[in-house]
Amino acid sequence: MNRLEEEDEPQNNNLAEDDNAQLEDVEDTGEQHEDPLLLAIDDLEGRVVAALDEVKLHPGVHDPSSGAVTIHEEMAQLLRPVLEVAAHTGPSVARTYFRGSTEGLDDAVEDVYERLVSDLVLPVLLEMAQSDQVAAKRGAALEFFRSFWKEAHKAGSWLDATAPPISSVAGPYGSGSGSNSASHHHHPHGPALPRLLQVRRKDKRLAREGEILRYWLQAAIACLTPGVFTAQNADDATASRGVLAASAALRPSLKHIVQRIKAADDRGANRLYSPVMKLIESVLQRLLLSASDSRSSDTLMASCIKFIEIVVLCCSRKPQDPTTRRRGASTTPQEDFSLEDLPEGHPLITRESLESIADYAFTVLRGFTILGGQVKIDDNVLSSGMMMSGGSPSEQVINILKPAALAYLDFESNFPQISATSDGNNENDNMDTLNLETNLDRSSLEFDFRLGPKPYSVAINALSALATHRPGCFQEAAICLSRRAAHPPNQDEGPHLTFVAIKAISSQLKSSCLTLLRNALSVSTNSFSVLQKALKYFDMEAQAEKALSMAKQAHSLKTAGRAARNRANVYYEWDTTTSTADESDRRLTKRQRETDDALAKMRAAKALRGLGHGIQLPTSMSDAVDLVLANLEHLPKKRPPGSTKARKVPVTLEMVIDSIMTNGASLLQEEGRWYERDGGSAWDIDINAENKFLPSRKLLEAMELMKSDNPDDPEEVQKKRKLFEEQASSAAADACGRIFDKSFHSRSESLADFGRSVAARLAYTLRGVAPSADNEACVSMAKSSISKVQDSDQQRKLGEFVDLYPLAAAGLSLDATLAIPDHAMHSDTTSVSVRFLTEALMQQDSSPEDPYFHGIYEYALDVCVASCVNASIVANEKPNDLEKKKIASQAVSSLQRDLPKLPRLSASSIMQLCSLCDIDGITRRALEASKKSSQDSVAEAAAIHAAKGSAEKRATAALLIIRDIAFQRDFEDRNVAVQCAVGIAAGRFPASPVIQDKALKLVMNVLFPRNEALGRAVVDAATEEIEFASEDAVNSYDEIAKANAESKNEAAKKNPLIPWSEVEKQAMDRMRKPAILFMALCVRRTDIIGVLLR
């Protein structure tokens, strides 16, 4: 019996037989003892909750009085007590207040971990990372997970890695390897534990490790979702921190998966493998699939490229070096991870799947380096890859990487071959015959995005690091860097790279090639010739010779004898003597001191130059004021002579304060758009009053001035009135535009739907108000769509509608103009067009006598459908424009989804759907392109065929819409839909043969047998078509007879069934389709045969 059990025995003797009896001494004093462990846990919970509440209530603005330099340091200081309690104080309390024996210690540790970490800290920090509206708090939550993971591995914490797992002081059960107690004097790691207890503690440690990693991964995934914040800077900053968290969590997660597989715990491995693949997928989507404004930050792109480098390192093989094999060292360092660490035999987590991810990711990095960005990816290829994804979590990652990699490989396959290769014995062997040309016409390339200076540098460094640490990547990385170094970026590639950035990237390419040439792998992989060739472009032959000699020496030492290696060690020892090291340290110290002095002088010179030389103001308001006051004496006494134009806005204290607070942005604002920087001045605020917010006196005076439209007013008053009207219209249009944008990026579906309702009401209220600059393209799209309407009277009425309600026209054609985010397209909320159509119907029905609202619902519906049709026409005319094709598919999908929701339709809108089937132009272009066999036309033919496939999908969607109208609508709409379907099948409405065949199947196999009413409608429509065809044949008789008389085709004249002329052939083609349709109906309705014979 141990000491604790001996102390408990007298107390146990004092207990009565009743389980609820108290100790005798307690009954004497009248006091009740509580469990000290529970009291300690309650105290720690209170401290953690108080610290988390302080973080939750923090406004997210940096407080200089906190002592922190930035807001992120301030948030870390607030979360520091939570980290200390969760990582160190909690295990210490469990070790101090546990009850009974070793099993009591295990129970105490588990209770503390569950209550403090598993049930409190981790869920609250995950919720903060997922839903907090302050970007700094999300970043602090992500940083907390990384710090907690690091602290949890220290001595005495939950995942203690300082002592062997068989030790009694390992993990939270002891003080780790730092224990110096007398009981551990002869056992520095404590006595060994029983086998069963070792297994139980090991399983607990794995469970805690997996739980922490899952919370960490989920927090990073939440911050990578596009549109987390409406402000682009905050969204980019949050996503950047999410990528950094993903980079830090990837290796530990893969190592944990390996531990689970080795322990034959496939379920535990799968529970973490799916979030890991989802994390990789989220980063790749943020880089490759997001809209251009979602990856505008160079820092975000650089972080994503660095993450891809880590993915390649973790998912690729690392061959064992002969020298490490000879010394008996492991193939992979403790902090690294490679495919050799992954055991074989798991049904889902295989080396082949991870190696495929590494191959495609490495190809994407090479494409970034060679092309300077990501070339456009065909949306059809991407969507087909997404649709083909199976059950494996790695397949979705491959389906994202594969189109981007293939887009680059398409160009690489056309690069000239590097004809000469060296055998490694002579560095000048055929070097002059190497060809590093790419023959790329960079001006004709279309990019999804281009790399700025920072991400470009990170991509080059990534290739260099992969070549160094993964020998299998060395040769391809060397060729890629050599080709880019031979033809570095220039200003002709675009304005995204400045002259200084181009120089820096060229210098980095040189240094990377020289570093790889100095590596022994350049000799073992026979890659030194291309590196030498690249350095020759920069006149660096001498440096290349020295680097190659060092590489050859290092390569020879790998397989050399002991005497050669000893001589090399002696040489290096001579080179690193103590005196030389001391002298080198002195030189470095002196150089650092001179650098610091130069920086101090430069900062002082900048401060003396004042505010007029492009110096950005500090973020702290007090520092900015101090800088302004310090530089007042350096301001010139007079205005510079160059500014002869009088300022419209006088220089006042208010204007100076605005310029300081906005860092000069207010000076760039237009004078008439004052509300963008000072909109709050239009309101009077009185907290104690019943109406806290009221319009200001100046605003009310301006509104009164606007109401009094007296032509006899002075000219100055009329100018003010006109200016106020323009400003009010501009502000209203901008407000509508902002509601448009935020409705697509709002995380709340109900809030987004409410915003669209408000925008629709404003659009019909603000008559004649021109839209903002962001929505002008939508109005232009609406006007272009109206110009293609065949009915001139209808075209005139729709034009008047657009002129009267331009904001409504912008909303109705929004789906056909701009690429809507995927989450908004698949949302359950009502779309923008449906909201605008519903509002038009409400306005029309509620005010039937108002001339402004007469028939606006039918006009709005026609504009909406015409815009979708026009988007499809534009996409067919420009098959190489992937953006147009995506918008057209999106518009037709929205139309197919939204039309069934509308209360009523119009005949003109249903008839316009037939125009979606007119894809003869793109069909002919695809046929002509397929006949061309030149190499240059392959890409063009592929693009045209892809555009043809998209056009056929849109036409099929139009037929499905017509089918739904025929099934679900009233008698009039049903008849119009049937007439459209029969007209397409009969050839009266232009359509391709494939679509005509589908329309024929729709009429005969779907509509006709549906019910008796639809059957009669089909027969009536087919009768009209056959009568129209017969009338056309009669009217064309004279033209056909004339053409046949002029025809010289004697062979055709001998066969009465063959047309004699081209005119007769075209007429017969027009007659054949309605005749075939009607004869098919005659088989099922014999009573209509007489109509055909007549």
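What you are looking at is a predicted structure, and each value in this text was computed from that prediction instead of being measured.

## Details of the overall build of the chain
From N to C terminus, the chain includes 45 helices and four strands. When each of the 1094 residues of the chain is scored for burial, the buried share is 44%. In the chain, the share of contacts with a sequence separation of at least 24, taken over all contacts with a separation of at least 6, comes to 70%.

## Examining the packing of helix α9 (residues 266-289) against helix α10 (residues 298-314)
Any two packed helices are characterised by the angle at which their axes cross and by the distance between the axes. Between α9 and α10, the least distance of the axes is 10 Å, while the angle of their chain directions is 140°. In this view, α9 runs oblique relative to α10, as classed from their interaxial angle. In terms of crossing hand, the pair formed by α9 and α10 is left-handed. In this structure, α9 uses Ile280, Val283, Leu284, Arg286 and Leu287 to contact α10, whose residues at the interface are Leu300, Met301, Cys304, Phe307, Ile308 and Val311. Across the contact of α9 with α10, the residue classes break down as 10 nonpolar, no polar and one charged.

## Notes on the pattern of salt bridges
Under the defined criterion, the tally for this structure stands at 33 salt bridges. A salt bridge links arginine 115 to glutamate 45; the shortest N-O distance between them is 2.9 Å. One end of the pair, arginine 115, is in helix α5 (residues 102-131); the other, glutamate 45, is in helix α3 (residues 36-57), and 70 residues separate them in sequence. Arginine 115 gets classed as partly exposed once you look at its relative accessible area, which sits at 26%. With its nearest N and O atoms 4.0 Å apart, the salt bridge here joins glutamate 281 to lysine 278. Of this pair, glutamate 281 and lysine 278 both sit in helix α9, three residues apart, which is roughly one turn of the helix. Residue classification places lysine 278 among the partly exposed residues on the basis of a relative accessible area of 38%. Counted as one network, the salt bridges with shared partners bring together Asp793, Arg796, Lys797 and Glu800.

## Some remarks on the packing of helix α39 (residues 971-986) against helix α41 (residues 1012-1035)
Across the interface, α39 lies against α41 with an axial gap of 9 Å and an inter-helix angle of 50°. Judged on the interaxial angle alone, α41 and α39 are oblique. Between α39 and α41 lies a crossing whose hand is right-handed. For the pair α39 and α41, contact is made by Arg974, Asn975, Val978, Gln979, Val982, Gly983 and Ala986 and by Ala1013, Leu1014, Ala1017, Val1018, Ala1021, Ala1022, Glu1024 and Glu1025, respectively. Residues that form the contact of α39 with α41 fall into these classes: nine nonpolar, three polar and three charged.

## Section: the side chain of arginine 470
Among the structural elements, arginine 470 can be located in the loop between α15 (453-469) and α16 (474-486). Overall, the relative accessible area of 1% leaves arginine 470 in the buried class. A distance of 3.1 Å separates polar atoms of two side chains, one belonging to arginine 470 and the other to serine 316. Contact partners of arginine 470, with chain neighbours within four places excluded, come to Leu313, Ser316, Arg317, Lys318, Asp336, Phe337 and Ser338.

## Notes on the environment of threonine 1023
Turning to its location among the elements, threonine 1023 is positioned in helix α41. Relative accessible area serves as the criterion here: at 16%, threonine 1023 is assigned to the buried category. In this structure, the C-alpha to C-alpha distance between threonine 1023 and leucine 1077, residues 54 residues apart in sequence, is 9.9 Å. Not counting chain neighbours up to four residues away, the residues in contact with threonine 1023 comprise Phe1078 and Val1091.

## Considering the state of the cysteines
Counted under the stated rule, the structure contains zero disulfides. Free of any disulfide, cysteine 864 has its nearest cysteine sulfur in cysteine 868, 5.0 Å distant. Here cysteine 980 is not disulfide-linked; the sulfur of cysteine 914 is the nearest cysteine sulfur, at 3.5 Å.

## Some details on helix α20 (residues 541-558)
A rise of 1.5 Å per residue sets the reference length of α20, with its 18 residues, at 26 Å; its end C-alpha atoms lie 26 Å apart and thus fit the reference within 8%. The complete set of buried residues in α20 reads Ala544, Ala547, Leu548 and Ala551. The buried residues of α20 occupy one face: seen down the axis, they fall within an arc of 100°. Looking at the buried positions of α20, the neighbouring elements they touch are α17 (499-518), α18 (521-524) and α19 (528-536).

## A look at the environment of leucine 401
For leucine 401, the position within the fold is in helix α14 (residues 393-412). Along the backbone, leucine 401 and glutamate 281 are 120 residues apart, and their C-alpha atoms lie at a distance of 9.1 Å. Excluding residues within four positions of it along the chain, leucine 401 makes contact with Leu284, Leu288, Ile357, Tyr360, Ala361 and Val364.

## Describing helix α4 (residues 71-97)
With 27 residues, α4 should cover 39 Å at 1.5 Å per step; its first-to-last C-alpha distance of 38 Å lies within 8% of that length. Where α4 bends most, the angle comes to about 45°, and this point is threonine 89, followed within four residues by the proline proline 91.

## Digging into the environment of aspartate 791
Inspection of the secondary structure assignment puts aspartate 791 in the loop between α29 (776-787) and α30 (792-804). With relative accessibility at 44%, the residue aspartate 791 sits in the partly exposed group. Aspartate 791 sits 117 residues away from serine 908 along the chain, and the two C-alpha atoms are 9.6 Å apart. Of note is the side chain of aspartate 791, whose polar atom sits 3.2 Å from the backbone nitrogen of aspartate 793.

## Details of the packing of aromatic side chains
Overall, the coordinates contain nine aromatic pairs when judged by the stated rule. Arranged with centres 6.3 Å apart and planes meeting at 80°, the rings of phenylalanine 144 and phenylalanine 145 form a pair that is edge-to-face. Taken as a pair, phenylalanine 144 and phenylalanine 145 share a single burial class, namely buried. An aromatic cluster is defined as three or more aromatic residues linked by ring pairs; in this entry it consists of Tyr764, Phe801, Tyr805, Phe836 and Tyr859. Directly above the ring of tyrosine 113 sits arginine 208, whose terminal nitrogen or CZ lies 5.4 Å from the centroid.

## A word on the side chain of glutamine 374
Positionally, glutamine 374 belongs in strand β1 (residues 373-375). Excluding residues within four positions of it along the chain, glutamine 374 makes contact with Leu288, Val364, Phe368, Ala404, Ala407, Phe447, Asp448 and Phe449.

## Re the nonpolar core
The biggest cluster of nonpolar side chains holds 159 residues, and the ones touching the most others in it are Phe148 and Phe368. If one sorts the elements of this core by residue count, α5 sits on top with 14 residues. Ala840, Leu841, Cys868 and Leu1014 belong to the second-largest nonpolar core, a separate cluster that totals 102 residues.

## Re the confidence of the model for the chain
Of all residues in the chain, 76% have pLDDT values of 70 or greater, and the mean over the chain is 78. Contacts from residues 606-614, a stretch scored under 50 in pLDDT, to residues over four places away or in other chains number 11 contacts.

Here is what the cut-offs are and how they apply
Residues numbered from 1 in each chain as written. Predicted model: local features only at pLDDT ≥ 70, side-chain atom pairs only at ≥ 80, totals over all residues. Heavy atoms only, no water. Helix = DSSP H or I, 4+ residues; strand = E, 2+ residues; numbered from the N terminus. Buried < 20%, exposed > 50% of the residue type's maximum accessible area, 1.4 Å probe, protein only. Contact = heavy atoms within 4.5 Å. Axes fitted to C-alpha atoms, helices over the stretch in contact; angles between N-to-C directions. Parallel < 35°, antiparallel > 145°, perpendicular 65-115°, else oblique. Left-handed = near helix turned anticlockwise from the far one by under 90°. Nonpolar A, V, L, I, M, F, W, Y, C, P; charged D, E, K, R; others polar. Salt bridge = Lys/Arg side-chain N within 4 Å of Asp/Glu carboxyl O. Polar contact = N/O pair within 3.5 Å; in protein donor to acceptor, adjacent residues only side chain to side chain. Disulfide = S-S within 2.5 Å. Expected span 1.5 Å × (residues − 1). Arc of directions from axis to C-beta. Bend = angle between axes of the 7 residues up to and from the residue. Phe/Tyr/Trp six-rings, centres within 6.5 Å; stacked < 30°, edge-to-face > 60°. Lys NZ or Arg CZ within 6 Å of the ring centre and 35° of its normal. Core = buried A, V, L, I, M, F, W, Y, C linked by side-chain atoms within 4.5 Å. pLDDT = per-residue confidence, 0-100.

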